[in-house]
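Observations on the model geometry
Here is what each chain is made of, one letter per residue.
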Amino acid sequence: MDLDNDRLAILAVEGHLLISGGPGCGKTTIALLKAKAGVAELKVEQKVLFLSFSRAAVRQITDRMSGLLNRSVRQRLEVRTFHAFFMDVVKSHGRLRTGLPSAFITPDREHQLRADFDGDWTVETLRMAQEEGRYVFDLLAWTAATLFEEYPKLAALYSDTYPTVIVDEFQDTNEDQWRAIKALSHASTIICLADPDQRIFDYVPGVDELRIQHAMDFLNPRSFDLSKDNHRSPGNGLLAYANAVLNNDPTVPVPNDVTIGTYTWPSSVETRIHQYLIALRDYLQKKLDTEPTIAVLAPTNALVGRLSEAVSTDAEINGTVYPAVEHELHLDQDLASTAAYAVASIMEWPGLRHEDALLATLEAVCDYFRVKATKTSGAKSTVRTLERALTALKSNTTIRAKTATVLLKAQAEGIQLSGNPVQDWQLARARLTGSAELSELFAKARLVRLLKATDAIGRALIDTWDGNAYIDAAAVVRRVLANRMIDENRFEEAAHVSFMNMHKSKGKEFDGVIIAETKFGRDQLIDPSSSDSDIRARRRLLRVAITRARHHVVIVRHATQPPLTS
Ligand SMILES: Nc1ncnc2c1ncn2[C@@H]1O[C@H](COP(=O)(O)OP(=O)(O)OP(=O)(O)O)[C@@H](O)[C@H]1O
């Protein structure tokens, strides 16, 4: 590996460090080499702590470690998500603040509690933490940082275990993460890895565009800028093009390794993605002489779900058959799971009395909007409307909500299920139509995959089939999805083809990347009618997406969309 003067200096200097530079310039790699150089001086019980944001990023770092560091060095490095680290701190020492053992509230459980709670949820989560020692996900960072600040000896104890702390994606750290880092910085050496232009989470509360400046002021680190280097995709113009998109610079031509594909009616984004995915896979396979890794990225989960579903079955396009493509779908489950419970409740219909069947499904639809209301204020009025419909249904009075009347009609028509869980799932899902709310659930439920009877949900559903209905299907689906979330927490299998939204691709690396858009709303790569700051944020996001590729990028756009640089 080339170690230029900057890198040699990084290895040589002592004290806090800020290593900045664009995607693929080698920040992670040099930080790992720096950690390696310091391992000899560690005492037996000491380790280097490498903090990152997501489990996927942790996996990428551990993958990179295996090519770079031998086993004995790897064992001295602890690569963890912020969340896992803070959870340990709170679990082991939360008692210092409360006198109580610490317990954790899962996100699923939090949604339920929050939906039933009238009042300020932030105040309530603090009360639960302080009076009951029970913590929701979002309070872990705050609590760990507060523990470090209130008990400097505790921070010193952690610093003693971790004399060096490397912080990945430093530009995206929120206020609490930064407070914890500051507390550790009194006795640990902090190495910040940062790229201000990869700041794509600035809509998250506590993430501050001045964070790098804060680090400069507080840590007074030695600063190294590696932005002139590009080791991910050297020589192929991908980074230069990504920067041109970031800066809306039309003077940089689209390089050979970027294909801009367009579609227009009667072709669709789904068919184009299917075609390009197969073409790109073949092209990279030949070029690299190994099965390539490819990511298909889109701005929204809804579009990701549509595309994933489209490539999951063989498609005949203009007389050519494009085979289904095996892939992994990476999503945030929340709302999708809740929508899936509504589908499952419809699969219970033939086994239930009319009123019970309708109540169960309407309740599931209402739950979906309750979960949504914890994130978006607009959903609250939908919840109220649906709750009124539920009351009317129970008290046999006139139902006004359109969603309820549509479901009433669909339920009266009945549903003929066959015992094939895949077909029946689709049949049940198709009942989610006829009102804006039901259509929304339909789109979300797409994100839950049930493509083969051997999928986890399919297998579980088969067990509930009684020849007429799927008894207790909703509860069974809930269990499977909850298990899946826990499994995903443990490890994520590396798939050759992955579908995810553009935000989720951050910190990852693939041989090829396909980016899709439609001409509507948030599914557009850049919505010309949005504000300047939104457009700027989208350009940063696009740069992140383009720079995930080592070799080739395909951008599939509607033919009427304006060019990305003009
Ligand atoms: N000095 C180097 N010489 C050769 N290859 C390198 C060097 N540094 C890094 N690489 C390779 O370049 C690729 C990108 O490196 P790395 O992941 O460290 O970059 P990064 O700056 O952390 O990227 P990102 O910000 O996108 O996560 C990796 O495949 C890595 O093995």
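Scroll up to find the structure this text is about.
The structure displayed is predicted, hence computed values, not measured ones.

What counts and how
Residues numbered from 1 in each chain as written. Predicted model: local features only at pLDDT ≥ 70, side-chain atom pairs only at ≥ 80, totals over all residues. Heavy atoms only, no water. Pairing = 2+ DSSP bridges. Helix = DSSP H or I, 4+ residues; strand = E, 2+ residues; numbered from the N terminus. Contact = heavy atoms within 4.5 Å. Axes fitted to C-alpha atoms, helices over the stretch in contact; angles between N-to-C directions. 1 Å grid on protein atoms, 1.4 Å probe; cavity = no way out; pocket = protein on both sides within 12 Å on 5 of 7 lines; lining within 4 Å. Points joined across faces, edges and corners; volume = space filled by probe spheres on them. Nonpolar A, V, L, I, M, F, W, Y, C, P; charged D, E, K, R; others polar. Near = heavy atom within 4 Å. Polar contact = N/O pair within 3.5 Å; in protein donor to acceptor, adjacent residues only side chain to side chain. Sits in = over half its atoms within 2 Å of the grid points. Expected span 1.5 Å × (residues − 1). Buried < 20%, exposed > 50% of the residue type's maximum accessible area, 1.4 Å probe, protein only. Arc of directions from axis to C-beta. Parallel < 35°, antiparallel > 145°, perpendicular 65-115°, else oblique. Left-handed = near helix turned anticlockwise from the far one by under 90°.

Overall, parallel pairing links the six strands, which are arranged β9-β16-β15-β10-β14-β13 in an open sheet. With partners counted over all chains shown, the strands left at the sheet margins are β9 (258-263) and β13 (328-329), one partner each. Both strand β15 (residues 510-516) and strand β16 (residues 549-558) contribute to a ladder of six bridges, which runs parallel. Bridged to Gly512 within β16 is His552. Sheet strands in contact with helix α14 (residues 269-288) are β9, β10 (294-298), β14 (497-501), β15 and β16, and its direction is about 160 degrees off that of β16. Here helix α15 (residues 301-311) sits on the sheet and contacts β10, β13, β14 and β15; the angle it forms with β14, its principal contact strand, is near 155 degrees.

So, about the layout of surface pockets. Considered as a void within the structure, the second largest pocket measures approximately 890 Å³ in volume. If you trace the second largest pocket, you find 44 residues lining it, with Gln60, Arg64, Arg232, Gly507 and Glu509 closest to the centre. Within the lining of the second largest pocket, the residues separate by chemical class into 15 nonpolar, 13 polar and 16 charged.

What follows covers the site of the ligand. What surrounds the ligand is a group of 17 residues, the closest being Lys27, Thr28, Thr29, Arg64 and Arg232. The contact in question runs from an oxygen atom of the ligand to an N or O atom on the side chain of Thr29, over 2.5 Å. A distance of 3.3 Å separates an oxygen atom of the ligand from a polar atom in the side chain of Glu509. Comparing atom positions with the cavity grids shows the ligand to sit within the second largest pocket. Per-element tally for the shell around the ligand: the top contributor is helix α2 (residues 27-39), with three residues. Grouping the constituent residues of the shell around the ligand by class yields three nonpolar, seven polar and seven charged.

Another aspect to go through is helix α19 (residues 402-413). Spanning 12 residues, α19 covers 17 Å between terminal C-alpha atoms, matching the ideal 16 Å at 1.5 Å per step. Considered for burial, the residues of α19 that qualify are Thr403, Ala404, Val406, Leu407, Ala410 and Gln411. Seen from one end, α19 has its buried residues packed into an arc of 160 degrees, which puts them on one side. Of the exposed residues in α19, those oriented more than 90 degrees away from the buried face are Lys402, Lys409, Ala412 and Glu413. Where α19 is buried, its residues meet α17 (354-373), α18 (379-394) and α21 (436-445). Just downstream of α19, Gly414 is the residue with a positive phi angle, here 80 degrees.

Inspection of the entire model under this criterion finds two cavities of 30 Å³ or more. Of the pockets and cavities examined, the largest cavity occupies roughly 80 Å³. For the largest cavity, the lining is made up of 13 residues, of which Glu309, Arg429, Val448, Leu450 and Leu451 are closest to its centre. When residues of the lining of the largest cavity are traced back to their parent elements, those giving at least two are α15 and α20 (421-430). Broken down by class, the residue content of the lining of the largest cavity amounts to five nonpolar, four polar and four charged. Space inside the second largest cavity adds up to approximately 30 Å³. Considering the residues around the second largest cavity, the lining is formed by Arg97, Thr98, Ala129, Gln130, Tyr135, Trp142 and Thr143. Secondary structure elements with two or more residues in the lining of the second largest cavity: α6 (95-98), α8 (121-132) and α9 (139-150).

Another point: the packing of helix α1 (residues 5-12) against α2. Between α1 and α2, the least distance of the axes is 9 Å, while the angle of their chain directions is 40 degrees. Looking at the two axes, α1 sits oblique to α2. In the packing of α1 onto α2, the handedness of the crossing is right-handed. Counted together, Arg7, Ile10, Leu11 and Ala12 of α1 and Ile30, Leu33 and Lys34 of α2 form the full contact between these two elements.

Turning our eyes to something else, we now look at the packing of α9 against helix α10 (residues 152-161). Taken N-terminus to C-terminus, the directions of α9 and α10 make an angle of 105 degrees; their axes are 4 Å apart at the nearest point. The angle between the axes of α9 and α10 places the two elements in the roughly perpendicular class. Between α9 and α10, the contacting residues are Leu147, Phe148, Glu149 and Glu150 on the first element and Pro152, Leu154, Ala155 and Tyr158 on the second. Looking at the contact of α9 with α10 residue by residue, the classes come out as six nonpolar, no polar and two charged.

Right, let's get into the sheet that holds strand β1 (residues 17-20). Across the sheet, six strands lie side by side as β3-β2-β6-β7-β1-β8; this open sheet has parallel pairing. The open sheet has two free edges, formed respectively by β3 (77-81) and β8 (222-225), since each of these has just one partner strand. When the angles between neighbouring strand axes are averaged without regard to direction, this sheet yields 15 degrees. Where β1 lies against β8, four bridges are found, and the strand directions are parallel.

Our focus in this paragraph is the pairing of β15. Of all seven residues making up β15, seven are buried, and the element is well covered by its neighbours. Relative to β15, β10 runs parallel, the two being bridged by four bridges. Opposite Val296, over in β15, you have Ile514 as the bridge partner.

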